[in-house]
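Listed below are the residues making up each chain.
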Amino acid sequence: MLPKPLTSAQIRAARALIRWSAQQLADASAVGVTTIRRAELTASETKLTRVNDHAIRRVLEEAGVEFIDAEGGGAGVRLREAKNS
């Protein structure tokens, strides 16, 4: 089952949590910075292709972001708890 598409607010919030610029996200995901900025300006769901949506999700998750689906509330993000070794 494919994850739900990211919303513009989720991308903006995820970047803020890990203190990444749009350019840093673009570099890490190989998605153009203009594409990321355009996606962040939409009202809710982005118009990203599935490939770009997945690339952005993957690098943000690798950086410690968890995406929360809109179950009873709005979609959101949070930082994953650090694992104690």
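Residues numbered from 1 in each chain as written. Predicted model: local features only at pLDDT ≥ 70, side-chain atom pairs only at ≥ 80, totals over all residues. Heavy atoms only, no water.

S.K.: Just checking my understanding: could you explain the nonpolar core for this structure?
M.R.: General note: in soluble globular proteins, nonpolar side chains tend to be found buried as a group. Ile11, Leu25, Ile36, Ile56, Leu60, Val65 and Phe67 are the most contacted members of the largest nonpolar core, which totals 19 residues. At the level of secondary structure, the elements contributing two or more residues to this core comprise helix H1 (8-18), helix H2 (22-29), helix H3 (33-41), helix H4 (50-62) and strand S1 (65-68). Filtering out sequence-adjacent residues up to four positions away, Phe67 remains in contact with Leu6, Gln10, Ala14, Arg57, Leu60, Glu61, Gly76 and Val77. (Core = buried A, V, L, I, M, F, W, Y, C linked by side-chain atoms within 4.5 Å. Buried < 20%, exposed > 50% of the residue type's maximum accessible area, 1.4 Å probe, protein only. Helix = DSSP H or I, 4+ residues; strand = E, 2+ residues; numbered from the N terminus. Contact = heavy atoms within 4.5 Å.)

S.K.: I tried to follow the layout of surface pockets on my own but got confused; where do I start?
M.R.: Empty pockets left among the atoms are what a rolling probe the size of a water molecule brings to light. Estimated volume of the largest pocket: approximately 210 Å³. As for the largest pocket, its lining consists of Leu2, Pro3, Lys4, Pro5, Glu45, Thr46, Leu48, Thr49, Arg50, Asp53, His54 and Arg57. Its residues assigned to classes, the lining of the largest pocket shows 4 nonpolar, 3 polar and 5 charged. (1 Å grid on protein atoms, 1.4 Å probe; cavity = no way out; pocket = protein on both sides within 12 Å on 5 of 7 lines; lining within 4 Å. Points joined across faces, edges and corners; volume = space filled by probe spheres on them. Nonpolar A, V, L, I, M, F, W, Y, C, P; charged D, E, K, R; others polar.)

S.K.: Whenever I open this one, the packing of H2 against H3 confuses me. Can you help?
M.R.: For any two helices packed against each other, one specifies the crossing angle of their axes together with the interaxial distance. Put simply, H2 and H3 touch, their axes get as near as 8 Å, and they point 120° apart. In terms of axis orientation, H2 runs oblique to H3. Here the hand of the crossing between H2 and H3 comes out right-handed. Side by side, H2 and H3 meet where Ala22, Gln23, Leu25, Ala26 and Ser29 of the first sit next to Val33, Ile36 and Arg37 of the second. (Axes fitted to C-alpha atoms, helices over the stretch in contact; angles between N-to-C directions. Parallel < 35°, antiparallel > 145°, perpendicular 65-115°, else oblique. Left-handed = near helix turned anticlockwise from the far one by under 90°.)

S.K.: Honestly, H4 in this entry has me stumped. Any pointers?
M.R.: For an α-helix, 3.6 residues make a turn, and residues three or four places apart therefore share a direction. With 13 residues, H4 should reach 18 Å at 1.5 Å per residue; the first-to-last C-alpha distance of 18 Å fits that figure. The inward-facing, buried residues of H4 contact H1, H2, H3 and S1. (Expected span 1.5 Å × (residues − 1).)

S.K.: Explain the packing of H2 against H4 here, please?
M.R.: The contact between H2 and H4 brings their axes to 9 Å, and the two run at 105°. Judged by the angle between their axes, H2 and H4 are roughly perpendicular. Here H2 contributes Leu25, Ala28 and Ser29 to the contact with H4, which in turn contributes Ala55, Ile56, Val59 and Leu60. Counted by class, the contact of H2 with H4 contains 6 nonpolar, 1 polar and no charged residues.

S.K.: Help me out: how do you make sense of the pairing of S1 in this one?
M.R.: A regular strand places its side chains so that they alternate between the two faces of the sheet. Side chains Val65 and Phe67 project from S1 onto a buried face, and the interleaved Glu66 and Ile68 project onto a face without burial. Inspection of the sheet shows S1 paired to strand S2 (residues 76-79) by 4 bridges, in the antiparallel sense. Counted as the bridge partner of Glu66 is Arg78 from S2. (Pairing = 2+ DSSP bridges.)

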